[in-house]
Amino acid sequence: MDAIKAGELVKVAGGGPQLDGIVFDTPSRSKVVVAVVDPMRGPGFRTVHPNTLTERTEAGPDDAALRLLVRRTPPPARGAARNGAGVGRGRAAHTRAAMHRTTGK
C-alpha cells in the first residue's frame, strides 16, 4: 500500500489469522494504528507495521463496531510531547488553584 490514510479499510496480517480493520492513525512511516476486532477481547486498537496491511474493498461484518470505536475515540495529539507545541497555561480565567475551604467552625 502506498499512502495509508485514516478511515481506509484494510486487512491486518500479523502473527495469527488475517483480521479486518480500519486505519485510525499513522504516527510515522513505520507505524499504523488500526482498529480491529480481536476474537478474545473485542474491538480495540493495534499498532502494526505498514507492510502487514493489505487493502480491502468490501465491508466486513465487524465494520460497524470498528466505526463506532473510531468515532468515540478522541483524535491523537500531534507533537505535544516531542517538540513542545501546545504547551501553555490553559484558559486565562483559571490562573490559581482553589483555596482551602473551612468547615464552618
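Heads up: the structure comes first, above all this text.
Every value quoted in this text rests on a predicted model; they were computed, and no experiment measured them. (Residues numbered from 1 in each chain as written. Predicted model: local features only at pLDDT ≥ 70, side-chain atom pairs only at ≥ 80, totals over all residues. Heavy atoms only, no water.)

Please explain the overall build of the protein chain as it appears in this structure.
Along its length, the protein chain carries one helix and five strands. Starting at the N terminus and ending at the C terminus, the protein chain contains elements arranged as β-β-β-β-β-α. Expressed as a percentage of its 105 residues, the buried residues of the protein chain come to 26%. Taking the contacts inside the protein chain whose residues are at least 6 apart along the sequence as the reference set, 41% of them involve residues at least 24 apart. Surface exposure of the protein chain reaches about 8,300 Å², of which carbon and sulfur atoms provide 52%. (Helix = DSSP H or I, 4+ residues; strand = E, 2+ residues; numbered from the N terminus. Buried < 20%, exposed > 50% of the residue type's maximum accessible area, 1.4 Å probe, protein only. Contact = heavy atoms within 4.5 Å. Areas by Shrake-Rupley, 256 points an atom, 1.4 Å probe, with all protein chains shown as cover.)

Can you walk me through the packing of aromatic side chains in this structure?
When we look at a pair of aromatic rings, we describe it by the centre distance and by the angle of the planes. Summed over the entire model, instances satisfying the criterion amount to one aromatic pair. Considering the side-chain rings of Phe24 and Phe45, the 4.8 Å spacing of their centres and the 45° angle between planes classify their relative orientation as tilted. You can see Phe24 sitting in strand 2 (residues 19-28) and its partner Phe45 sitting in strand 4 (residues 42-48), a full 21 residues away along the chain. On the basis of relative accessible area, Phe45 is assigned to the partly exposed category, the value being 36%. (Phe/Tyr/Trp six-rings, centres within 6.5 Å; stacked < 30°, edge-to-face > 60°.)

Would you mind showing me how to read helix 1 (residues 63-72) here?
At 3.6 residues per turn, the α-helix brings residues three or four places apart onto the same side. Those residues of helix 1 not exposed but buried are Asp63, Leu66 and Leu69. For helix 1, the arc enclosing every buried residue in end-on projection is 120°, short of the 170-degree limit, so these residues lie on one face. Facing away from the buried side of helix 1, by more than 90 degrees, are the exposed residues Ala64, Arg71 and Arg72. Here the buried face of helix 1 lies against strand 1 (9-12), strand 2, strand 3 (31-38) and strand 4. (Arc of directions from axis to C-beta.)

Can you walk me through the nonpolar core in this structure?
It is characteristic of soluble globular proteins that their nonpolar side chains tend to be buried jointly. Core analysis: the largest hydrophobic core is formed by ten residues, namely Ile4, Val10, Val12, Leu19, Val23, Val32, Val34, Val36, Val48 and Leu53. The set of elements that each furnish at least two residues to this core consists of strand 1, strand 2 and strand 3. With three residues, the single largest contributor to this core is strand 3. Ranked by size, the runner-up nonpolar core spans six residues in total, among them Leu9, Ala35, Val37 and Leu69. (Core = buried A, V, L, I, M, F, W, Y, C linked by side-chain atoms within 4.5 Å.)

Even after reading the chapter, I still don't get the pairing of strand 4, so can you show me in this structure?
Residues in a regular strand project their side chains so that they alternate between the two faces of the sheet. As paired strands, strand 3 and strand 4 are joined by seven bridges and run antiparallel to one another. Counterpart to Val34 in the pairing with strand 4 is Arg46. In this antiparallel pair of consecutive strands, strand 3 and strand 4, the connection spans three residues. (Pairing = 2+ DSSP bridges.)

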